[in-house]
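Commentary on secondary and tertiary structure
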Amino acid sequence: MESTVQPNLPRQAFAARHSLKENVVRWSLITVVLLFFFGFLIIPLVSIFFEAFKQGVSVYLSSIVEADALSAIRLTLFVTLIVVPINAVFGILFAWVITKYSFRGKNLLITLIDLPFSVSPVIGGLIFILLFGQHSSLGRWLISHNINIVFNVPGIVLATLFVTFPFISRELIPLMQSQGTVSEEASILLGASAWQTFIHVTLPNIKWALFYGIILCNARAIGEFGAVSVVSGHIRGMTNTMPLQIENLYNEYQFVAAFAIASIMSLLAILTMVIKVVLENFIKKQTR
Amino acid sequence: MSIEINHVSKAFDSFQILNDINLTIPTGELVALLGPSGSGKTSLLRIVAGLEQPDNGQIVFHGQDLTNAHIKERQVGFVFQHYALFQNMTVFNNIAYGLRVRPRKIRPSRAEIKAKVDKLLRLVRLEPFGKRYPSQLSGGQRQRVALARALAIEPKILLLDEPFGALDAKVRKELRYWLRELHESVKVTSIFVTHDQEEAFEVADRVVIIQNGKIEQVGTPEQVYNHPANPFVYDFIGSANKFEGKIINGTFIDGSFETEAPIDSNIESAGLGFVRPYHFVIEKDRSGKYSIPVQIKHIHAVGPTVHLEVERSDSHNVLNIEINWEEFSLLNLKKDQTIHIKPKKVQIFAV
């Protein structure tokens, strides 16, 4: 942090040497960035709330407590609550295996983690349709045993798991690689078991990166549209998550209702960003 | 508890790190593994600790073969070069860790743990620092915490991997004496790895010199320093001037320089001669074939010892000489002056 007491002499001297031309370039670049920022980020965000409250607070509230809307909110939170813990556990496991052991094919594995990022979410959804739908023998067998995965909640969970898998392990791997294994070795040499070592030594060292990964994973799990859209089947009140419900309402020209749900999702997103910023500042203070 | 290392070998891919190492360390001894970096000394230490497995050979603690035993069963205390303290725990909790993670049946009570940690904090002279975190300590203090943490589990063997390697020169010296004292008081069989020969000689009962995965010499510091077994050891421990020449009929000849070679051989062979920088007599005039004409290239006259860099007039090899200040001022030496130097003590090896 810069001290406010000391006059910032070197910077002033530097600024004085700036010619008029450089100043023009500087200010026009800043203006372009700000205009772009407002035009493409702030105005759309504000317009969501503007549209949502266009017909007053009571209409806004009634479109949120409407049965299908509530069901969509509930389903989104339910899916997120399942997906985030599963991805947290497997993300840690994945990062642990990659960074603490050496084995053949490790580099291939590191490359493949990013697959859900590079593949289009629509394809991510399609994989599960092909795997568990009417077209595959596995799918037919499951359906005949009354296990419906596609066009049902399990399918939505699987598709969301697939899309959000990389977030946590990608946060953990670089950190765990830089920390090495020496603390774990020290713990084992002092007589601790592998589990004790993980709980007392590894986890405290990675907790902030883990939390950060969870936040990102959470944001994506709430907002995922493409993959979920393919597997969900858009059954109103049953398999519609919040993003899908918004699309449905919009297609039916129910703009206020669509924007009301969109405003809730935006609030969740803003909340996530705030937590992220607070966390980043906190980590900075911790590591200083 | 004694340690026996029998025929231990280890390779990484095609690179042989350790090659048939044999070493016995009696109970209570403090042994230094001394060698240049990459010599395999740290790998040997990690194999003794169980952090790595040897390809061949045995590790025996007090007659018990522990080659395939898990790290836990070996009960070794290990001190890392970069401390490896648990950053999220206070000094107190770091030291108590090894006691707290024990299974309930053999875990000491809370009061016993506290008494023990307090005692160790006293031993490492860090009583007021129990509540601090490692990041609030200096390097030397951190390493003392690491030592206390290793001693808390009452290890049968203490292993130290370049324990003072990351510290500055002054703290290193202090900790050296302190480690020596500590070892006198706890008397646990200890191995410590270092690349600093001065450190090894000051602290250890015996020094093991390792190079390229092989033991070059084992002995007390005096034995190793005064009777190096081979050219590598001579060159490695302390600075040395090297003479390359040949040995003919008991005489070592390198250019215009000759000296007696106490090697029983009538056959002509290549030879290496070593002279420590402080084993030279400086003469203004040549006193015979044992003295070498040189030109003074550089004089470094700070402190009680004066360092001279001289160039041989015949081979143009550069030699380093140390003389004391009184002698230096009496001789009134100047840069670019030609003088004669006579080695007082030469160690000759046939190669």
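Residues numbered from 1 in each chain as written. Chains lettered and ligands numbered in written order. Predicted model: local features only at pLDDT ≥ 70, side-chain atom pairs only at ≥ 80, totals over all residues.

With that settled, consider the overall build of chain B. Helix and strand content of chain B: ten helices and 20 strands. Each of the three principal axes of chain B carries a C-alpha extent, and together these read 80 × 45 × 35 Å. Counting over 351 residues, chain B shows a buried share of 38%. Nonlocal contacts in chain B, meaning residues at least 24 apart in sequence, comprise 64% of its contacts between residues at least 6 apart. (Helix = DSSP H or I, 4+ residues; strand = E, 2+ residues; numbered from the N terminus. Buried ≥ 20, exposed ≤ 12 C-beta atoms within 10 Å, placed from the backbone. Contact = placed C-beta atoms within 7 Å.)

This brings us to the overall build of chain A. If you tally the helices and strands in chain A, you get 15 helices and zero strands. For 288 residues, the compact-globule estimate of 2.2 N^0.38 gives 19 Å, and the C-alpha radius of gyration of chain A, at 24 Å, exceeds that figure by more than 25%. For chain A, the C-alpha atoms occupy an extent of roughly 75 × 65 × 35 Å along the three principal directions. Counting the 288 residues in chain A, one finds 32% classified as buried. Contacts in chain A between residues far apart in sequence, at least 24 positions, make up 75% of those at least 6 positions apart. (Rg over C-alpha atoms; globule rule 2.2 N^0.38 Å.)

Residues and elements named next belong to chain A. Mapped onto this structure's residue numbering, the UniProt feature "transmembrane region" (unreviewed entry) falls at residues 27-50, 70-96, 108-129, 149-168, 209-235 and 255-279. As annotated, residues 70-96 comprises 100% helix and 0% strand, and the C-alpha atoms at either end are separated by 39 Å. The annotated region residues 149-168 carries 75% helix and 0% strand content, and the separation between its end C-alpha atoms amounts to 25 Å. (UniProt positions renumbered as here; feature names shortened; annotations may be inferred.)

Time to look at the UniProt feature "domain: ABC transporter" (unreviewed entry) in chain B. Here the UniProt feature "domain: ABC transporter" (unreviewed entry) sits at residues 3-237 of chain B. Each end of residues 3-237 of chain B is marked by a C-alpha atom, and these two atoms are 25 Å apart; helix forms 37% of the span and strand 26%.

This part takes up the domain arrangement of chain A. All names here are of chain A. With domains assigned, chain A is organised as domain 1 (9-51) and domain 2 (55-287). Inter-centroid distance (C-alpha atoms) of domain 1 to domain 2 is 35 Å. Taken together, the contact pairs four residues of domain 1 with five residues of domain 2. (Domains from an automatic or database assignment.)

On to the interface of chain B and chain A. The extent of an interface is frequently quoted as the accessible surface area lost upon association of the parts. Each partner contributes residues to the interface: chain B has 17 residues there, and chain A has twelve residues. Looking at the side of chain B that touches chain A, its residues break down into eleven nonpolar, three polar and three charged. (Nonpolar A, V, L, I, M, F, W, Y, C, P; charged D, E, K, R; others polar.)

It is worth spelling out the environment of Ala192(A) at this point. Following the sequence through the fold, Ala192(A) ends up in the loop between helix 11 (182-189) and helix 12 (194-223). For the pair formed by Ala192(A) and Val83(A), sequence separation is 109 residues and the distance between their alpha carbons is 32 Å.

In terms of nonpolar packing, the biggest core is built from 97 residues, with Ala32(B), Val48(B) and Leu159(B) touching the most fellow members. Broken down by element, the residue count for this core peaks at seven residues, all from helix 5 (residues 139-152) of chain B. Excluding anything up to four places from it in sequence, Ala32(B) contacts Phe192(B), Thr194(B), Ala200(B), Val203(B), Ala204(B), Val207(B) and Val208(B). Among the nonpolar cores identified, the runner-up in size contains 52 residues, and Phe128(A), Phe165(A), Ile215(A) and Ala219(A) belong to it. (Core = buried A, V, L, I, M, F, W, Y, C linked by C-beta atoms within 7 Å.)

Moving on to the sheet that holds strand 5 (residues 64-65) of chain B. Residue and element names in this part refer to chain B. Pairing within the open sheet is antiparallel, and its four strands lie in the order 2-1-4-5. Each edge of the open sheet carries a strand with a single partner, namely strand 2 (15-25) and strand 5. Its contacts with the sheet place helix 1 (residues 41-49) against strand 1 (3-12), strand 2 and strand 4 (56-61), and it is angled at close to 120° to strand 1. (Pairing = 2+ DSSP bridges. Axes fitted to C-alpha atoms, helices over the stretch in contact; angles between N-to-C directions.)

Moving on, we come to helix 2 (residues 20-52) of chain A. Residues and elements named next belong to chain A. Its 33 residues give helix 2 an end-to-end C-alpha distance of 46 Å, which sits within 8% of 48 Å, the value for a rise of 1.5 Å per residue. At Phe38, helix 2 shows its maximal kink, close to 35°. Counting buried residues in helix 2 gives two out of 33 residues, a small share hidden from the surface. (Expected span 1.5 Å × (residues − 1). Bend = angle between axes of the 7 residues up to and from the residue.)

What follows concerns the sheet that holds strand 16 (residues 292-300) of chain B. Residue and element names in this part refer to chain B. Read across the sheet, five strands follow the order 15-19-16-17-18 without closing on themselves; strand pairing throughout is antiparallel. On the outer flanks of this sheet lie strand 15 (280-283) and strand 18 (318-324), each paired with one strand and no other. Each strand axis lies, on average, 45° off the axis of its neighbour in the sheet, ignoring direction. The sheet contact formed by strand 16 and strand 19 (residues 338-343) spans four bridges and is antiparallel. When the sheet's bridge partners are listed, Val294 is paired in strand 19 with Ile339.

All names here are of chain A. As a packed pair, helix 10 (residues 166-179) and helix 12 sit with axes 7 Å apart at the nearest point and diverge in direction by 160°. When the axes of helix 10 and helix 12 are compared, the pair comes out roughly antiparallel. Where helix 10 crosses over helix 12, the two elements pack in a sense that is right-handed. Only Asn205, Ile206, Ala209, Leu210, Tyr212, Gly213, Ile214, Leu216, Cys217 and Arg220 of helix 12 make contact with helix 10, whose side of the interface consists of Phe167, Ile168, Glu171, Leu172, Leu175, Met176 and Gln179. Among the residues making up the contact of helix 10 with helix 12, the classes are represented as twelve nonpolar, three polar and two charged. (Parallel < 35°, antiparallel > 145°, perpendicular 65-115°, else oblique. Left-handed = near helix turned anticlockwise from the far one by under 90°.)

Before going further, it helps to spend a moment on the packing of helix 11 of chain A against helix 12 of chain A. Residues and elements named next belong to chain A. Where helix 11 meets helix 12, the closest approach of the two axes is 10 Å, and the angle between their N-to-C directions is 160°. The pairing of helix 11 with helix 12 is recorded here as roughly antiparallel in orientation. Handedness of the crossing formed by helix 11 with helix 12: right-handed. Residues Ser183, Glu184, Ser187 and Ile188 of helix 11 form the contact with helix 12, whose own contacting residues are Thr197, His200, Val201, Thr202 and Asn205.

This next bit is on the environment of Val124(B). All names here are of chain B. Mapped onto the elements, Val124 comes out in the loop between helix 4 (110-123) and helix 5. Given 21 C-beta atoms within 10 Å, Val124 falls into the buried group. Along the sequence, Val124 and Lys246 sit 122 residues apart, while their C-alpha atoms lie 54 Å from each other. In this view, Val124 contacts Arg144, Val145, Leu147 and Ala148; residues no more than four positions away in its chain are not counted.

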